[in-house]
Amino acid sequence: QVQLIESGGGLVQAGGSLRLSCATSGRTFSSYPMGWFRQAPGKEREFVTAIIWSGYSTYYADSVKGRFTISRDNAKNTVYLQMNSLKPEDTAVYYCAAARENYTSSYSLRHDTNYNYWGQGTQVTVSS
């Protein structure tokens, strides 16, 4: 069983930064492509970013590209989301998720139905 626990959310002003962490359990963490999704009140859950096991390939939603950075430390069983230049429209609950190892393409990883494990979410609020 894989468990994911997000942390690092909070309230920041526009233009500020936050770093989210997703601590995982499981002996095969490195085999899971990892992703971040977010959901704002009244809106659909949307893809934010994903990273494959090697760390060489990353994918970003256009809305966050250049501002957010996903990374992973397999030795620590942790994936991170560095968020800079935050905007009020970034306000949402952010979820860490693990996909099955056969999903490695940008097309596959942007769909939440391809992720089997989810964290509980962490709230990010950006004030104007």
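Presented here is an overview of the structure given in this document. Position labels on residues start from 1 in each chain and follow its written sequence. Restriction of local features to residues with pLDDT of at least 70 applies here, the model being predicted, together with a cutoff of 80 or more for giving and counting side-chain atom pairs; totals for whole chains, interfaces and linings are based on all residues. Values shown for side chains rest on all heavy atoms present in the structure; no hydrogens or waters enter the calculation.

### Here's the deal with the overall build of the protein chain
- Strands here are runs of E lasting at least two residues and helices are runs of H or I lasting at least four, both read from the DSSP assignment and numbered beginning at the N terminus. A tally of helices and strands in the protein chain yields one helix and eleven strands.
- Beginning at the N terminus, the succession of helices and strands in the protein chain can be written as β-β-β-β-β-β-β-β-β-α-β-β.
- Radius of gyration: C-alpha atoms only; globule rule: 2.2 Å multiplied by the number of residues to the exponent 0.38. Rg of the C-alpha trace for the protein chain: 13 Å, near the compact-globule value of 14 Å for 128 residues, within the 12% margin.
- Expressed as a percentage of the 128 residues in the protein chain, the buried residues total 42%.
- The contact criterion used throughout is that any non-hydrogen atoms of two residues lie within 4.5 Å. Relative to all contacts within the protein chain whose residues are 6 or more apart in sequence, the contacts with residues 24 or more apart total 59%.
- Surface accessibility follows the Shrake-Rupley procedure with a 1.4 Å probe radius. Residue values consider only the protein chains on display as shielding. For the protein chain, the computed accessible surface area is about 6700 Å², with 45% contributed by carbon and sulfur atoms. Whether a residue is buried, partly exposed or exposed follows from its accessible area with a 1.4 Å probe, protein chains only, as a fraction of its type maximum: under 20%, in between, or over 50%, in that order.

### What about the environment of F47?
- With respect to the helices, strands and loops of the structure, F47 is situated in strand β5 (residues 46-51).
- Overall, F47 belongs to the buried group, its relative accessible area being 7%.
- Setting aside anything within four residues of it in sequence, one finds F47 in contact with W36, F37, Y59, Y60, A61, L109, R110 and Y115.

### Points about the environment of V12
- Structurally, V12 is set in strand β2 (residues 10-13).
- Residue V12 is classed as buried on the basis of its relative accessible area of 13%.
- Distance in space between the C-alpha atoms of V12 and T125 is 6.4 Å, their sequence separation being 113 residues.
- Once residues lying within four places of it in the same chain are set aside, the contact partners of V12 are S17, L18, L86, T125, V126 and S127.

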